[in-house]
Amino acid sequence: MGDHIVNIKELVEYIAKELVDDPSQVQVKLSENSGSMTLELHVAPTDMGRVIGKGGRVANALRTLVRVAAVRQGKRATLEVVDGSGGEPRSTYRTRSER
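The following refers to the structure shown. Remember, predicted model here, so these are calculated numbers, not experimental data. (Residues numbered from 1 in each chain as written. Predicted model: local features only at pLDDT ≥ 70, side-chain atom pairs only at ≥ 80, totals over all residues. Heavy atoms only, no water.)

A closer look at the overall build of the protein chain
(1) Moving on: Secondary structure assignment for the protein chain yields 3 helices and 4 strands.
(2) Moving on: Ordered by position from N to C terminus, the α and β elements of the protein chain give α-β-β-α-α-β-β.
(3) Moving on: A buried classification covers 33% of the 99 residues belonging to the protein chain.
(4) Moving on: Considering only contacts within the protein chain whose residues lie at least 6 apart along the sequence, 50% involve residues at least 24 apart. (Helix = DSSP H or I, 4+ residues; strand = E, 2+ residues; numbered from the N terminus. Buried < 20%, exposed > 50% of the residue type's maximum accessible area, 1.4 Å probe, protein only. Contact = heavy atoms within 4.5 Å.)

Right under this line is the structure:
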């Protein structure tokens, strides 16, 4: 296996579009600081349940993928799930090293 740099934003966007009923509403915004990044996943309000999943399992799986991809790039990452109405993040996770 080679050392391929994964575009984390595209990874989250691709997975989210496969999960939701309305892929046109999926947007991922990326903010980077020195050594860390924050991704905001915006989906339609009706798709929030699909992205978060029962007991937060889907969202936690997404966060794990984001965290692993970021660590491979020597960074820290945070994923926030936000409904498409522009509301506040509904589900926020910070890695242990960010707490």
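Some thoughts on the packing of helix 1 (residues 8-19) against helix 3 (residues 57-72)
(1) Moving on: The N-to-C vectors of helix 1 and helix 3 enclose an angle of 160 degrees; their axes lie 10 Å apart at closest approach. The angle between the axes of helix 1 and helix 3 places the two elements in the roughly antiparallel class. Considering how the two elements wind past one another, helix 1 and helix 3 form a crossing that is right-handed. Seen from helix 1, the contacting residues are Ile8, Leu11, Val12, Ile15 and Leu19; seen from helix 3, they are Val58, Leu62, Leu65, Val66, Ala69 and Ala70. (Axes fitted to C-alpha atoms, helices over the stretch in contact; angles between N-to-C directions. Parallel < 35°, antiparallel > 145°, perpendicular 65-115°, else oblique. Left-handed = near helix turned anticlockwise from the far one by under 90°.)

Points about the nonpolar core
(1) Moving on: Counting residues in each nonpolar core, the largest one holds 19 residues, and the members touching the most others are Ile8, Val12, Leu39 and Leu41.
(2) Moving on: Sorting the residues of this core by element identifies helix 1, strand 2 (36-43), helix 2 (48-52), helix 3 and strand 3 (76-83) as the ones contributing at least two each.
(3) Moving on: With residues near it in sequence (within four places) discarded, Val12 still touches Val28, Leu39, Leu41, Val66 and Leu79. (Core = buried A, V, L, I, M, F, W, Y, C linked by side-chain atoms within 4.5 Å.)

Brief notes about helix 3
(1) Moving on: For helix 3, built from 16 residues, the straight-helix expectation of 22 Å at 1.5 Å per residue is met to within 8% by its first-to-last C-alpha distance of 23 Å.
(2) Moving on: Turning to helix 3, its buried residues number three or more, namely Ala59, Leu62, Arg63, Val66, Ala69 and Ala70. Summarising the axial view, the buried residues of helix 3 lie within an arc of 130 degrees, below the 170-degree limit, and thus occupy one face. Exposed side of helix 3, more than 90 degrees from the buried face: Arg57, Val71 and Arg72 are the residues found there.
(3) Moving on: Of the residues flanking the end of helix 3, it is Gly74, one or two places downstream, whose phi is positive at about 75 degrees. (Expected span 1.5 Å × (residues − 1). Arc of directions from axis to C-beta.)

Distances and angles like these do not, on their own, reveal function.
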